[in-house]
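Examination of the molecular architecture
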Amino acid sequence: QQVVQTGSRLGSPSALPDEPALVEPGEGAQFSLVDLDRLELSWRPVSGAQSYALQGSRSTAFVDNIIDVENRTKLKATLGLRAEGSYVWRVAARGREGIRGPWSAPRSFRVVGARRSAEGP
């Protein structure tokens, strides 16, 4: 719950939206720039959510984000893949009053430059 203070008065408690469950890609998934130039991130709906905040970064601290969207109404986002590296992403639901709930646990994926052989690197 969240309580807002206005001056010396506390408002009524407001319920926070639940944490979204991330769907795709799975934790630790790896993608090749040779095979793919776009990647879809998706998550499950949260009851009562009006929109979602989405962050993507190369850092688990989510500083210098490459994606930082506050009011996304869809349950997925398509990313253009342009560079190799490790990435993390997370989502939070926003309720009717715009109150943001907790962030989902971050999920990571890796983008490599070359196709990987099933027989070895």
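In what follows, the structure referred to is the one given above.
Before going into details, it helps to say that this report is about the structure given with it. This is a predicted model, so every value here is computed, not measured.

As judged from the two bridges shared by strand S3 (residues 22-24) and strand S5 (residues 38-43), these two strands associate in the antiparallel manner. The residue of S5 that forms the bridge with Glu 24 is Ser 42. Sheet analysis places S5 next to strand S8 (residues 76-80), joined by five bridges and oriented antiparallel. Its bridge partner being in S8, Glu 40 is matched across the sheet by Thr 78.

We now examine the sheet that holds S3. In space, the three strands of this open sheet follow the order S3-S5-S8, with antiparallel pairing throughout. At either margin of the open sheet sits one strand with a lone partner, and together these are S3 and S8. Direction aside, neighbouring strands of the sheet carry axes that sit 25° apart on average.

Attention shifts here to the environment of Leu 36. Mapped onto the elements of the fold, Leu 36 is located in the loop between strand S4 (29-32) and S5. In sequence terms Leu 36 and Gly 80 are 44 residues apart; their C-alpha atoms lie 9.1 Å from each other. Setting aside residues no more than four positions away along its own chain, Leu 36 makes contact with Phe 31 and Leu 81.

Before going further, it helps to examine the packing of aromatic side chains. On inspection of all chains with the given rule, the structure shows four aromatic pairs. Taken together, a centroid distance of 6.5 Å and an interplanar angle of 50° make the contact between Trp 43 and Trp 89 tilted. Of the two residues, Trp 43 is situated in strand S5 and Trp 89 in strand S9 (residues 85-94); the sequence distance between them amounts to 46 residues. With respect to class, Trp 43 is no different from Trp 89; both count as buried. Grouped by ring-pair contacts, the aromatic residues Phe 31, Tyr 87 and Phe 109 constitute a single cluster. The ring of Phe 62 has Arg 90 lying over it, and the distance from NZ or CZ to the ring centre is 4.0 Å. Sitting over the ring of Trp 103, Arg 90 keeps its end group 4.3 Å from the ring centre.

Rules used throughout
- Residues numbered from 1 in each chain as written.
- Predicted model: local features only at pLDDT ≥ 70, side-chain atom pairs only at ≥ 80, totals over all residues.
- Heavy atoms only, no water.
- Pairing = 2+ DSSP bridges.
- Helix = DSSP H or I, 4+ residues; strand = E, 2+ residues; numbered from the N terminus.
- Axes fitted to C-alpha atoms, helices over the stretch in contact; angles between N-to-C directions.
- Contact = heavy atoms within 4.5 Å.
- Phe/Tyr/Trp six-rings, centres within 6.5 Å; stacked < 30°, edge-to-face > 60°.
- Buried < 20%, exposed > 50% of the residue type's maximum accessible area, 1.4 Å probe, protein only.
- Lys NZ or Arg CZ within 6 Å of the ring centre and 35° of its normal.

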